There are 2 protein chains.
Amino acid sequence: MNRYWTDLAGELTPYVPGEQPRIADLVKLNTNESPYGPSPLALEAVRAAASEALRLYPDPEAGELRETLAAYHGVDKSQIFVGNGSDEVLAHTFAGLLNHDLPLLFPDITYSFYPVYAKLFGVAHETVALDAAMRIGIADYRRPAGAIILANPNAPTGIVLSLSDIASLIDDHPDIPVVVDEAYVDFGGESALALLAGRPNLLIIRTMSKSRALAGLRVGYAIGDSGLIEALTRVKDSFNSYPLGRPAQAGATASVRDDAFFRAGVEKVVRGRQAMTEGLIALGFEVLPSSANFVFARHTDLSGADWAKALRARAVLVRHFGKPRISDYLRITVGTETEIGRLLDACRDILHNR
Amino acid sequence: MNRYWTDLAGELTPYVPGEQPRIADLVKLNTNESPYGPSPLALEAVRAAASEALRLYPDPEAGELRETLAAYHGVDKSQIFVGNGSDEVLAHTFAGLLNHDLPLLFPDITYSFYPVYAKLFGVAHETVALDAAMRIGIADYRRPAGAIILANPNAPTGIVLSLSDIASLIDDHPDIPVVVDEAYVDFGGESALALLAGRPNLLIIRTMSKSRALAGLRVGYAIGDSGLIEALTRVKDSFNSYPLGRPAQAGATASVRDDAFFRAGVEKVVRGRQAMTEGLIALGFEVLPSSANFVFARHTDLSGADWAKALRARAVLVRHFGKPRISDYLRITVGTETEIGRLLDACRDILHNR
């Protein structure tokens, strides 16, 4: 604590992202990136944006990108908000929609940035425990609340809620905002998009960092009733008028237009998840049923921390959270066939040399 | 106001940026962009970043960019913070350094985003009037304050404070943060960089959108004591771990390395400012002495709003602020020689047809 800091700066407990190390020949399965690259059309669009026009500010409203996303999802442009990664969209959502007198509810085990945002924006909040099988129980959310946010599929468990459960959750709470963070939905969940009609309290958040393989470009978005979107726009225009640069807007737009590439990439990841899950189970791991581009797994022979350390010593990076309930687990991103092979080889080696 | 909004969302008065219209053959002198393009090395670096590696998150600490900036400015890497445009850097500065019990002070006429940030983060603030010649008087800041922020050169006046005045201001207030927003300093001001040693309360904010002609890439930064930088990092890591994508980090780094291009571009703008100022004065405008890449001018024959409207009708876009004290003025960005010619022709035509 420095004497010039605000009280807020001193009170924060910042989020710690997964490492981005520079290790040669690393198998990087720690931050849920796509093992396959982005659409070639997206890359071409980013290159084309690297022109003299970079001297000009980008469109502050990201009109073309929002129109393209609206057409893709079958909604109106006024129902789309875009931000500098879904993390920024989430931040504006906490400030503009989730801070009320009654507490915000979210699962005890979920994206660990949620409590960080709550602290940053002074949002009263309560966590709701997952059940013993690490599932969200929507009945547990029937209590006084100012707003609800959950990830579907949830992170880091990978477990999905059915569309009918999501519908029940929203209909249980028509008077408060319900946010569904669909960062991983393309890999196996059913999107709440089908529930938008007649539900002005539903906000869906998406990212281009996972299924669209554009983590390095920083684009996320929200879909919902134009009334909710307006709140996000008001916060954004009080924070940063131009969150998305020209390369980001161009690349993201082109990615959405290349649907065949997108679908093929998702299918490859889903096949990889199946192979990885079977391989890990064969080695004695317990693997939660994943609908995401990662699996959450534990093995009774070693603690989660020891597994992560032993894998790292073999140049395989996975994510370990030293937190209650999940400290025995590893979150392992689905890699390429080769990467999955190297992961399983490393696990075998660890078990053998234990 | 929608019933799902937070109180904050309803209370905000968002900043309104200058237009980014698509009008054919437009002379765009409304948002202080560079009339010349970015460094070819920066463009090449953005293109090179459009690779398969875009599937990976960027370096959350922007290590290479921060090292490059540190070397360029002769400071330590721990003294550099980078953000998604200087607007994001300013936002984090308001949250992390400028919110105290005593009011934040800034000029009554300055960057109009400051009061918007103050509202967003609930920062108590007071404005300090410019003198009759539209100058900042540092003696007027000798009053109880929690922090001070000012732009040097100031916007939209373009008027610069001397380095000795800035030094006095900081030394008058050793116990509170003093932020100098140097968005336009490359065009004629003396940077407070020379004052950093022994002044742990000084934070300098820069942008790559003006003198580096990279408004479309969204990169800004702060320079100061590592204690101040840490406050910004804590807020940033509670908001968005990865504010700068790979193309932005690569392009910005390459721009800093191309110093010859940078200096030549600034010199051309300074020459253009001289020509534009002389041309406007010859037409009867009163032009404030500018050290920026724009001039602030008025002409008694027409109101500021009427000037802006008449110029727009001739496809020349300038910025007009309908606010007390400055509603008679136009803020006109320095353009190319051709653009300056078209501006002056349009002004002549307006005066002739009045």
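Residues numbered from 1 in each chain as written. Chains lettered and ligands numbered in written order. Predicted model: local features only at pLDDT ≥ 70, side-chain atom pairs only at ≥ 80, totals over all residues. Heavy atoms only, no water.

### A closer look at helix α10 (residues 304-313) of chain A
All names here are of chain A.
Line of reasoning, step 1. All of the buried residues in α10 are Gly304, Trp307, Ala308, Ala310 and Leu311. Each buried residue of α10 lies within a common arc of 165 degrees when the element is viewed along its axis, so the set occupies one face. Every exposed residue of α10 that faces more than 90 degrees away from the buried side is listed here: Lys309 and Ala313.
Line of reasoning, step 2. Contacts from the buried residues of α10 go to β11 (316-318), β12 (330-333) and α11 (337-352).
Line of reasoning, step 3. Positioned one or two residues after α10, Ala315 has a phi angle of 60 degrees, which is positive. (Buried < 20%, exposed > 50% of the residue type's maximum accessible area, 1.4 Å probe, protein only. Helix = DSSP H or I, 4+ residues; strand = E, 2+ residues; numbered from the N terminus. Arc of directions from axis to C-beta. Contact = heavy atoms within 4.5 Å.)

### Details of the domain arrangement of chain A
All names here are of chain A.
Line of reasoning, step 1. Parsing chain A into structural domains produces domain 1 (18-37 + 260-353) and domain 2 (40-257).
Line of reasoning, step 2. Here the C-alpha centre of domain 2 lies 26 Å away from the C-alpha centre of domain 1.
Line of reasoning, step 3. Every contact between the two is made by 27 residues of domain 1 and, on the other side, 28 residues of domain 2.
Line of reasoning, step 4. Counting the surface lost from both domain 1 and domain 2, the interface buries some 2100 Å², and carbon and sulfur atoms represent 63% of this.
Line of reasoning, step 5. Inspection of the region where domain 1 meets domain 2 yields 8 residue pairs in polar contact (both at pLDDT 80 or more).
Line of reasoning, step 6. For the side of domain 1 that touches domain 2, the secondary-structure elements that each account for two or more residues are α9 (259-282) and β10 (294-298).
Line of reasoning, step 7. When residues in the side of domain 1 that touches domain 2 are grouped by element, the largest group, 6 residues, is from α9.
Line of reasoning, step 8. Looking at the side of domain 1 that touches domain 2 residue by residue, the classes come out as 15 nonpolar, 7 polar and 5 charged. (Domains from an automatic or database assignment. Buried area = accessible area lost by both parts, 1.4 Å probe. Polar contact = N/O pair within 3.5 Å; in protein donor to acceptor, adjacent residues only side chain to side chain. Nonpolar A, V, L, I, M, F, W, Y, C, P; charged D, E, K, R; others polar.)

### Observations concerning the relation of the copies chain A and chain B
Line of reasoning, step 1. Rotating chain A by 180 degrees and translating it 0.0 Å along the rotation axis places it on chain B, where the RMSD comes to 0.0 Å. Read as a symmetry element, the transformation amounts to a two-fold axis. In terms of C-alpha distance to the rotation axis, chain A has Arg47(A) as its closest residue, with the C-alpha 2.3 Å off the axis.
Line of reasoning, step 2. Counting the interface residues of chain A, we find that 99% of their copies in chain B are interface residues as well, pointing to one common contact surface. (Least-squares fit on C-alpha atoms with pLDDT ≥ 70 in both.)

### As for unusual backbone geometry
Line of reasoning, step 1. Following Asn152(A), the chain continues into Pro153(A) via a peptide bond in cis, with omega recorded as -5 degrees.
Line of reasoning, step 2. For Pro153(A), the position within the fold is in the loop between β5 (147-151) and α6 (163-172).
Line of reasoning, step 3. Looking along the chain, the bond that leaves Ala155(A) and enters Pro156(A) is cis, with omega of 0 degrees.
Line of reasoning, step 4. Position of Pro156(A) among the secondary structure elements: in the loop between β5 and α6.
Line of reasoning, step 5. Even without a glycine there, the phi angle at Met134(A) is positive, about 65 degrees.
Line of reasoning, step 6. Among the structural elements, Met134(A) can be located in the loop between β4 (125-128) and β5.
Line of reasoning, step 7. When its relative accessible area of 5% is taken as the criterion, Met134(A) is described as buried.
Line of reasoning, step 8. The backbone phi angle of Asn32(B) is positive, close to 55 degrees, even though this residue is not glycine.
Line of reasoning, step 9. Tracing the sequence through the fold places Asn32(B) in the loop between β1 (27-29) and α2 (40-49).

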